[in-house]
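Here are the chains, one letter per residue:
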Amino acid sequence: MKHIIFAGIALFAFTFYLSLLLTRLVRGAALRKGMVDKPNANKLHKDPVPLGGGIAIFFATFIPLGLGLLFAWLAFSPEATGENSQWPEWLPLSLAQHLPGVLA
């Protein structure tokens, strides 16, 4: 049980720091490329605000998910378990329902 809690905390920390790093990188790139939201009469901000933070959050979410799926695939593989195990039958359909949101 302790290893599951430790893995959850480690995954949270990895995702958190990855989002901080990627947000900083995307923000810097947005400022260099001029991808900023300029203030006008309809906006509350006074200074230009960098755009593209959603890209960083997207990758900070899906990189750990991809790694988790890779580790799950390795854990469920017949070589790892020593038996003829397979992916759960519901897994491909469960992942496929998220595909439209990822592609949008």
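That block above? That's the structure.
So, a few notes on the structure that sits alongside this text. Note that this is a predicted model, so its numbers are computed, not measured. The residue numbers shown here count from 1 along each chain, following its written sequence. Per-residue local features are limited, in this predicted model, to residues with pLDDT of at least 70; the limit for side-chain atom pairs, both in listing and counting, is 80 or more; totals at the level of whole chains, interfaces and linings are taken over all residues. Working from all heavy atoms in the structure, the side-chain values ignore hydrogens and water.

Some words on helix H1 (residues 2-33)
Helix and strand assignments follow DSSP, with helices taken as H or I runs no shorter than four residues and strands as E runs no shorter than two, numbered in order from the N terminus. The span expected for a helix works out to 1.5 Å for each residue beyond the first. For H1, with 32 residues, the first-to-last C-alpha span of 46 Å sits near the 46 Å given by 1.5 Å per residue. For H1, the full list of buried residues reads Leu18, Ser19, Leu22 and Ala30. Should any heavy atoms of two residues lie within 4.5 Å, those residues are considered in contact. Where H1 is buried, its residues touch strand E1 (36-37), strand E2 (49-50) and helix H2 (53-76). Looking one or two residues beyond H1, the residue adopting positive phi is Gly34, at roughly 80°. Exposure categories follow from relative accessible area, calculated using a 1.4 Å probe and restricted to protein chains: below 20% of the type maximum is buried, above 50% is exposed, and the middle band is partly exposed.

A few points about H2
Between its first and last C-alpha atoms H2 spans 35 Å; for 24 residues at 1.5 Å apiece the expected length is 34 Å, and the two agree. Inspection of H2 places Ala56, Ala60 and Pro64 among the buried residues, and these make up the whole buried set. Structurally, H2 contributes buried residues whose contacts are with H1.

Section: the pattern of salt bridges
We define a salt bridge as a contact between a side-chain nitrogen of Lys or Arg and a carboxyl oxygen of Asp or Glu at a distance within 4 Å. Summed over the entire model, instances satisfying the criterion amount to 1 salt bridge. Linking Asp37 and Lys43 is a salt bridge whose minimum nitrogen-to-oxygen distance equals 2.6 Å. With relative accessibility at 22%, the residue Asp37 sits in the partly exposed group. Overall, Lys43 belongs to the partly exposed group, its relative accessible area being 30%.

A short note on the packing of H1 against H2
Geometry is summarised by axes, namely lines fitted to C-alpha atoms with helices restricted to the contacting stretch, and by angles between N-to-C directions that run from 0 to 180 degrees. Direction vectors running N to C along H1 and H2 enclose 150°, while the axes themselves pass 8 Å from each other. The hand of the H1/H2 crossing is right-handed. Within the contact between the two elements, H1 uses Leu11, Phe14, Thr15, Leu18, Ser19, Leu22, Thr23 and Val26 and H2 uses Gly53, Ala56, Ile57, Phe59, Ala60, Ile63, Pro64 and Leu67. Residues are grouped as follows: Ala, Val, Leu, Ile, Met, Phe, Trp, Tyr, Cys and Pro are nonpolar; Asp, Glu, Lys and Arg are charged; all remaining types, including Gly, are polar. By residue class, the composition of the contact of H1 with H2 is 12 nonpolar, 4 polar and no charged. Less than a right angle of anticlockwise turn of the near helix away from the far helix marks a crossing as left-handed, whereas a clockwise turn marks it as right-handed.

Description of the packing of aromatic side chains
Any two of the Phe, Tyr and Trp rings considered here, Trp counted by its six-membered ring, make a pair once their centres fall within 6.5 Å; the pair's planes then place it as stacked at under 30 degrees, edge-to-face at over 60, or tilted in between. Scanning all chains against the criterion turns up 4 aromatic pairs. Judged by centre distance (6.3 Å) and plane angle (15°), the rings of Phe12 and Phe16 are stacked. Here Phe12 and its partner Phe16 are both found in helix H1, 4 residues apart, which amounts to about one turn of the helix. Here Phe12 falls in the exposed class, since its relative accessible area comes to 62%. Exposure remark for Phe16: the relative accessible area of 38% places this residue in the partly exposed category. Each residue in the set Phe12, Phe16 and Tyr17 is aromatic and connected to the rest through ring pairs, giving one cluster.

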